[in-house]
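Structural characterization, general
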Amino acid sequence: MKDRTARLVSGALGSAILMIALVGVMWAVEVVDYVEDGRLDRYGIVAHEPDGLTGIVFAPFLHAGFGHLMANSVPLLILGFVAAIRGIGRFLAASLVIIVVSGLGVWFTSPPNTLTIGASGLVFGYFGFVVARGLFDRRALDIVLGVVVAVLYYSILWGALPSQPGISWQGHLFGLIGGVLAAWLLRRRAS
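This paragraph deals with the pattern of salt bridges. On inspection of all chains with the given rule, the structure shows 2 salt bridges. With a shortest N-O distance of 3.3 Å, Arg-39 and Glu-36 are connected by a salt bridge. Residue Glu-36 is classed as partly exposed on the basis of its relative accessible area of 33%. In this structure, Arg-90 engages Asp-137 in a salt bridge whose closest nitrogen and oxygen atoms are separated by 3.1 Å.

With that out of the way, let us pick up the packing of aromatic side chains. Taken as a whole and assessed by the stated rule, the structure comprises 4 aromatic pairs. Residues Tyr-34 and Phe-66 carry aromatic rings whose centres are separated by 5.7 Å and whose planes lie at 55 degrees to one another, so their mutual orientation is tilted. Note that Tyr-34 is positioned in helix α1 (residues 2-35) and Phe-66 in helix α3 (residues 66-84), a separation of 32 residues in sequence. Judged by relative accessible area, which is 59%, Tyr-34 ranks as exposed. Following the ring pairs from residue to residue traces out a cluster consisting of Trp-27, Tyr-34 and Phe-66.

Definitions and limits used
- Residues numbered from 1 in each chain as written.
- Predicted model: local features only at pLDDT ≥ 70, side-chain atom pairs only at ≥ 80, totals over all residues.
- Heavy atoms only, no water.
- Salt bridge = Lys/Arg side-chain N within 4 Å of Asp/Glu carboxyl O.
- Buried < 20%, exposed > 50% of the residue type's maximum accessible area, 1.4 Å probe, protein only.
- Phe/Tyr/Trp six-rings, centres within 6.5 Å; stacked < 30°, edge-to-face > 60°.
- Helix = DSSP H or I, 4+ residues; strand = E, 2+ residues; numbered from the N terminus.

That is the geometry; function is a separate question.
What follows is the structure, encoded as structure tokens:
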């Protein structure tokens, strides 16, 4: 029992440090983008353009101003923390799956030449990952965390539907799909 508690505390501490660093990098990038008059934003995902595929890697770190970044920061910190609590390796693998699925979904389904930036795909992906991890892994803690996250954040699911001009529902929807896919791919295998 002591060993399990120590692992959980260690995982929580590592998760917190990782998420603070990740969001810190996003804030640093936004400060540079602000100083450069938004020039970094062009490195986001440009739909249907082959050169726009490189934006899949950069888009989660770019935001359309500090308001956009603030709107993503708190849910990213909370959901990312919960997603990373079971291990940094699984978290990084899940993040990669979410970024690729969300980015490709945006690239294929957004109107041609649409520029998409922001960490919303990660936010929706971590939501999907945490909820689905409880279903796939069937560990008591993961089920409880999944239920708590689903209850507290269920309203974000409306963001995965086309509703507001200028908001990438595609990034939200495919981020959510990427999170569920990551939970399935990284599930604990029965022995």
